[in-house]
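# Chain and residue survey
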Amino acid sequence: MTDTMHASKQELMATAETKMLTEVTTGSWTLRQKIALTCRALSDAGHDSGLAGQISARGEQPGTFVTQRLGLGFDEITEDNLLLVNEDLEVLDGEGMPNPANRFHSWIYRARPDVNCIVHTHPLHATALSMLEIPLVVSQMDIAPLYDDCAFLADWPGVPVGNEEGEIISAALGDKRAILLAHHGQLVVGNTVEEACSLGHLIERAARLQLLAMAAGDIKPLPPRLAKEAHDWTLTPRRSEANFAYYARRALRNHPDALTN
């Protein structure tokens, strides 16, 4: 038996990361299934706002992405009613039309080759925080994946259906994984659907925590070194996969119709 009681924190973290690769259960869903499950999971988590918001994932062909059909709420999305569109929002596969606001997704995909999934929603607490025109404050361990990784767009550019809004939002996002959009909502991006889904859940929780903390007093900052350590530790691909698997299982218990195959 291994004696770990005298091991350093870094050694224990490295051992845990290695063990997670073989011991933590994830899932094996298709891209369309992951998008559908993300829509259902985020809807259950309070991200539904009528027909507002879009979730998309980069397609196999350059300049394409998969997204939901305009007219359906997040709670109605299945793997079969998603659309494949090009960056001009022309439908290549599926029936119906995408949300015209998907145009700024095209700008983000162009600007960020590392991004393979975008989640943009108007959840209650993130949207309420956006009305105050103040940035997201990350000062709690659970939301450390957003530490120094959430941009802020203070000026509302209006309804984001034009190329101008696409340029503004993609530029404001920069190299971050998230952005709070004043008077609008939130947007997170991920290298995978799993990462973006996890961050979508976290940014709404972060906004809710911030509003609660602000109502009680002044929010105290995290020590930067420890916050960066927590950010990197909680953002490993395997952790995102494990988080997503949990959200997916919960969504499937509530919405078995999300998957048709």
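Note on numbering: residues in each chain are counted from 1, in written sequence order. The predicted nature of this model means local features are confined to residues of pLDDT at least 70 and side-chain atom pairs, given and counted, to a pLDDT of 80 or more, with totals for whole chains, interfaces and linings taken over all residues. For the side-chain quantities, the full set of heavy atoms in the structure was used; hydrogens and water were omitted.

## Regarding the overall build of the chain
Scanning the chain from terminus to terminus reveals eight helices and eight strands. Two things to know: the radius of gyration comes from C-alpha atoms, and the globule rule equals 2.2 Å times the number of residues to the power 0.38. Rg of the C-alpha trace for the chain: 19 Å, near the compact-globule value of 18 Å for 261 residues, within the 12% margin. Its C-alpha atoms give the chain principal-axis dimensions of roughly 60 × 45 × 35 Å. Out of the 261 residues in the chain, the part that is buried amounts to 47%. Summarising the internal contacts of the chain: among those between residues at least 6 apart in sequence, 69% fall at separations of at least 24. For accessible areas, the Shrake-Rupley method is used with a probe of radius 1.4 Å. Any residue's cover is judged against the shown protein chains and nothing else. Here the chain has roughly 12,900 Å² of accessible surface; of this, 54% comes from carbon and sulfur atoms. In this description a helix means any DSSP run of H or I spanning at least four residues, a strand means any run of E spanning at least two, and both kinds are numbered starting from the N terminus. Buried means the residue's accessible area, taken with a 1.4 Å probe over protein chains only, is under 20% of the maximum for its type, while exposed means over 50%, and partly exposed covers the values in between. The contact definition used throughout considers only heavy atoms, calling two residues in contact when any of these lie within 4.5 Å.

## With respect to the UniProt feature "domain: Class II aldolase/adducin N-terminal" (unreviewed entry) in the chain
As recorded in UniProt, the feature "domain: Class II aldolase/adducin N-terminal" (unreviewed entry) lies at residues 33-211. Secondary structure content for residues 33-211 is 34% helix and 20% strand, and the end C-alpha separation is 33 Å. UniProt positions are given in the numbering used here, feature names are shortened, and annotations may be inferred rather than shown by experiment.

## So, the packing of helix H3 (residues 103-111) against helix H5 (residues 163-173)
Fitted lines through C-alpha atoms give the axes, limited to the stretch in contact for helices. The angle between two N-to-C directions lies from 0 to 180 degrees. Look at H3 against H5: their axes get within 8 Å of each other, and the N-to-C directions meet at 45°. Here H5 runs oblique to H3, going by the angle between their axes. The interaxial crossing formed by H3 with H5 has right-handed handedness. Contacts from Arg 103, Phe 104, Trp 107, Ile 108 and Ala 111 of H3 reach H5 at Asn 163, Gly 166, Glu 167, Ile 169, Ser 170 and Leu 173. Any angle that is under 35 degrees is reported as roughly parallel, and any over 145 degrees as roughly antiparallel; angles of 65 to 115 degrees are reported as roughly perpendicular and all others as oblique. By definition, turning the near helix anticlockwise from the far helix through less than a right angle yields a left-handed crossing, and turning it clockwise yields a right-handed one.

## Re the packing of aromatic side chains
Only Phe, Tyr and Trp rings take part, Trp by its six-membered ring, and two of them pair if their centres are within 6.5 Å. Stacked means planes under 30 degrees apart, edge-to-face means over 60, and tilted covers everything else. Throughout the structure, instances matching the rule amount to three aromatic pairs. Residues Trp 29 and Phe 244 carry aromatic rings whose centres are separated by 5.6 Å and whose planes lie at 80° to one another, so their mutual orientation is edge-to-face. Taken as a pair, Trp 29 in the loop between helix H1 (9-23) and helix H2 (31-47) and Phe 244 in helix H8 (residues 237-254) lie far apart in primary sequence, 215 residues in all. For the residue pair Trp 29 and Phe 244, the accessibility class agrees, reading buried in each case. When the ring of Tyr 246 is compared with that of Tyr 247, the centres are 5.6 Å apart and the planes differ by 45°; the resulting orientation is tilted. A relative accessible area of 36% places Tyr 246 in the partly exposed class.

## Some points on the side chain of Glu 79
Counting through the fold element by element, Glu 79 comes out in the loop between strand E2 (64-67) and strand E3 (83-86). For the buried Glu 79, no salt bridge exists, and the shortest N-O distance to an oppositely charged side chain is 7.3 Å, to Arg 32. Separated by 3.4 Å, the side chains of Glu 79 and Gln 33 make a polar contact. Within 3.5 Å is the distance limit for a polar contact, defined as a pair of N or O atoms, with the added protein rule that one can donate a hydrogen and the other accept it, and that residues adjacent in sequence qualify only through two side-chain atoms. In terms of polar contacts, Glu 79 uses its side chain to reach the backbone amide nitrogen of Thr 260, at 2.7 Å. Setting aside residues no more than four positions away along its own chain, Glu 79 makes contact with Thr 30, Arg 32, Gln 33, Ala 36, Ala 258, Leu 259, Thr 260 and Asn 261. In this tally Asp and Glu are treated as negative and Lys and Arg as positive; neither His nor the chain ends contributes. Just to be clear on terms, a salt bridge is a Lys or Arg side-chain nitrogen sitting within 4 Å of an Asp or Glu carboxyl oxygen.

## Considering H5
Along H5, the residues that are buried comprise Glu 165, Gly 166, Ile 169, Ser 170 and Leu 173. The buried residues of H5 occupy an angular sector of 120° when the element is viewed end-on, so they sit on one face. For H5, the exposed residues lying more than 90 degrees away from the buried face are Glu 164 and Ala 171. Buried-residue contacts for H5 involve H3, strand E6 (150-153), strand E7 (178-181) and strand E8 (185-190). Backbone geometry just downstream of H5 places Gly 174 in the positive-phi region, at approximately 60°. Picture the helix axis, draw a direction to every C-beta atom, and the arc is the one those directions span.

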